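Reading the structure
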Amino acid sequence: MGITIIGSGYVGTTTGFCFASRGLKVNIVEKNDNIVRNLQNGVSSIFEPFLDELIRAATEASRVRFFSDCAGAVDDADLVFLTVGTPTDEVDGSADLSALWQAVREMAPHLRSGAVIVVKSTVPVGTNRSVAELLRELRPDLDFSVASNPEFLREGSAVRDFFHADRVVCGVSDQRARDRLLEAYRPIIRAPTRLVFTTPESAELSKYASNAFLAMKVSFINEIADLCERAGADVGHVAKIIGMDQRIGGEFLAAGPGYGGSCFPKDTLALASAAGRLNTSVRLVEAVIDVNTRRKSQLASRVMKAIANGGSPKTVAVLGIAFKANTDDIRDAPSLDLIPHLQAAGCGVHAHDPVCRAKAEPRLPGAVWFDDPVEAVRGADAAVILTDWDVYRQLDLRSLAAALGGRQLFDFRNIIDPTAAAAAGLTLHAIGRGSSEPPARLETWSPDESPTAEPVRFARQRSALAADELRNGVGE
Ligand code: NAD
């Protein structure tokens, strides 16, 4: 089976090399020459754990070919995956589909009869139908199918998520599309993952509904965190307790600086916009967007208030610019809002991030960058941890305290041990903790187990890809 991927970003690169790792022949079309050059040299242009290993293996086995346009890349393809970006249209918040239409126009002359075009990009409900209409217009001679196959992977664990998805959704309107997608995914999927076949409309909407629901959990727990601060409760305990209810689930209940990244912000906006176009509304989603938008300025104000004494100009060190750990993606990262708020209030900003400096530096004029977190906080009035990178979890707090001019450490990811911070002489401002006392441990007891007392606030469980899983992933 021949597979062509159009658009080699986070989703396209992962998809292409994961399919190739299972022995499928893959062509990748990418219009950005730098990305193509890097791939030809066996190098990924994005930071994504385990992707480099897959690229190396596929390159050695000559399973992937790279193209800067569709000519020669789609002629033999049984499946053509569209994985181009669908960013926010700045005018009305809808999904900007211009890259998708462009890609369809570019591939149309080269498609072979019987090809199945798969829209993997996140697109508003009805887009598959419009893709089919456009193709019929461009190629009235062509026998083809269009299918929806929305992607649910998370940056930072994209490879793992591709191989171990909760579900793979296929929106199909004919048997050919169904059979082709089944054939492609058969070598990838292992129980308990399931392929789910539905209509293209339900598949398209399931992606937006899923992201909006997860964004809602994030905004919900952030509001509960604010309440905890007023009420003397601990959001770590509250999140753990509500997450133990299987109807709710424990994921996406980490209070923090608000959601960011390339999906939740744009997809919630696009869902609200699509609802408007269909003469209905999604008021919960609109509230989620509102809560998330305000969060960054509220947190910036919290920092400013704590260091406002005296009239001298202040400096804040921001640790973590990527929207979350294990990615270099800065799209809609909370840092891109919070830092300008600090600067507008007259603050100087020091910045540190272990991987995304090159991408972020041009986006944050005026920020002074450092390669080392302790150097970044040197002489600053306050430090703010904004991304849950392990390097910040492992900070030597005594060295940090010695370098930091002020005592104030804002831990907007709740990853710092309050007892250790206090011992280092730092004034720790965590999220959603109403007491300045170190938080109590959350004790659980069950008749079959000995009691456990676990600190619930520090670690968000990161799903690591075990070595054997990777071996399975890159095997034939
Ligand atoms: P991206 O911006 O990282 O990558 C898109 C790539 O497509 C770019 O490299 C761009 O140069 C290329 N491209 C655009 N037009 C092209 C054309 N005509 N021919 C060849 N290449 C072209 O985007 P992404 O983050 O990979 O997201 C892609 C889609 O997947 C989006 O709709 C997004 O919402 C969705 N999605 C993303 C994620 C994620 O975590 N990033 C997760 C699930 C779904």
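All of the points below concern the structure found in this document. (Residues numbered from 1 in each chain as written. Predicted model: local features only at pLDDT ≥ 70, side-chain atom pairs only at ≥ 80, totals over all residues. Heavy atoms only, no water.)

Remarks on the pattern of salt bridges
This structure, assessed with the given rule, holds 20 salt bridges. Its salt-bridge partner being R178, residue D179 comes within 3.0 Å of it at the nearest N-O pair. Judged by its relative accessible area of 36%, D179 falls in the partly exposed class. Residue R178 is classed as partly exposed on the basis of its relative accessible area of 28%. Residue D245 is joined to R247 by a salt bridge in which the shortest nitrogen-to-oxygen separation is 2.7 Å. The exposure class of R247 is exposed, given its relative accessible area of 75%. Salt bridges linked by common partners bring D226, E229, R295 and R302 together as one network. (Salt bridge = Lys/Arg side-chain N within 4 Å of Asp/Glu carboxyl O. Buried < 20%, exposed > 50% of the residue type's maximum accessible area, 1.4 Å probe, protein only.)

Concerning helix α2 (residues 33–40)
If you check which residues of α2 are buried, you get I35, V36 and L39. Axial view of α2: buried residues confined to an arc of 100°, hence all on one face. Taken together, the buried residues of α2 touch α1 (10–21), β2 (25–29), α3 (51–60) and β3 (64–67). Regarding α2, its N-cap is N32, as a side-chain oxygen of that residue lies 2.9 Å from the backbone nitrogen of N34 further along. Residue G42 follows α2 closely and has a positive phi angle near 75°. (Helix = DSSP H or I, 4+ residues; strand = E, 2+ residues; numbered from the N terminus. Arc of directions from axis to C-beta. Contact = heavy atoms within 4.5 Å. Polar contact = N/O pair within 3.5 Å; in protein donor to acceptor, adjacent residues only side chain to side chain.)

Considering the nonpolar core
Counting 60 residues, the largest nonpolar core has V303, I321, L342, F412 and L426 as its most contacted members. Contacts of F412, omitting those with residues within four sequence positions, involve A255, G256, P257, L299, R302, V303, L338, V384, I385, L386 and I431. Listed in part, the 41 residues of the second largest apolar core include C70, A108, A115 and L271. (Core = buried A, V, L, I, M, F, W, Y, C linked by side-chain atoms within 4.5 Å.)

Brief notes about the packing of aromatic side chains
In the structure shown here, the tally under the stated rule is 10 aromatic pairs. On the basis of an interplanar angle of 65° and a centroid distance of 6.3 Å, the ring pair of F47 and W389 is categorised as edge-to-face. With a gap of 342 residues between them, F47 in the loop between α2 and α3 and W389 in the loop between β12 (382–385) and α15 (390–393) connect regions that are remote in the sequence. For F47, a relative accessible area of 32% puts it in the partly exposed group. For W389, a relative accessible area of 6% corresponds to the buried category. Through a chain of ring-to-ring contacts, three or more aromatic side chains come together here, namely F19, F81, F162, F163 and Y185. Between the NZ or CZ atom of R178 and the centre of the ring of F197, over which it lies, the distance is 4.8 Å. (Phe/Tyr/Trp six-rings, centres within 6.5 Å; stacked < 30°, edge-to-face > 60°. Lys NZ or Arg CZ within 6 Å of the ring centre and 35° of its normal.)

Quick notes on the state of the cysteines
Disulfide: a covalent bond connecting the sulfur atoms of a pair of cysteines. For the coordinates displayed, the defined rule picks out 0 disulfides. The cysteine C18 is free of any disulfide, with C170 supplying the nearest cysteine sulfur at 16 Å. The exposure class of C18 is buried, given its relative accessible area of 0%. (Disulfide = S-S within 2.5 Å.)

What about the site of the ligand?
Taken together, 26 residues lie around the ligand, and E30, T86, E155, K266 and R331 are the ones closest in. In this structure, Y10 approaches the ligand through a main-chain N or O atom, which is 3.0 Å from an oxygen atom. With respect to the ligand, the side chain of E155 contributes an N or O atom lying 2.8 Å from a nitrogen atom. About the coverage of the ligand: the protein hides 90% of its 830 Å² of free accessible area. Among the residues forming the shell around the ligand, the class breakdown is 9 nonpolar, 9 polar and 8 charged. Both domain 1 (2–198) and domain 2 (217–430) contribute no fewer than three residues apiece to the shell around the ligand. (Near = heavy atom within 4 Å. Areas by Shrake-Rupley, 256 points an atom, 1.4 Å probe, with all protein chains shown as cover. Nonpolar A, V, L, I, M, F, W, Y, C, P; charged D, E, K, R; others polar. Domains from an automatic or database assignment.)

Scope: geometric values only; no functional claims are made or implied.
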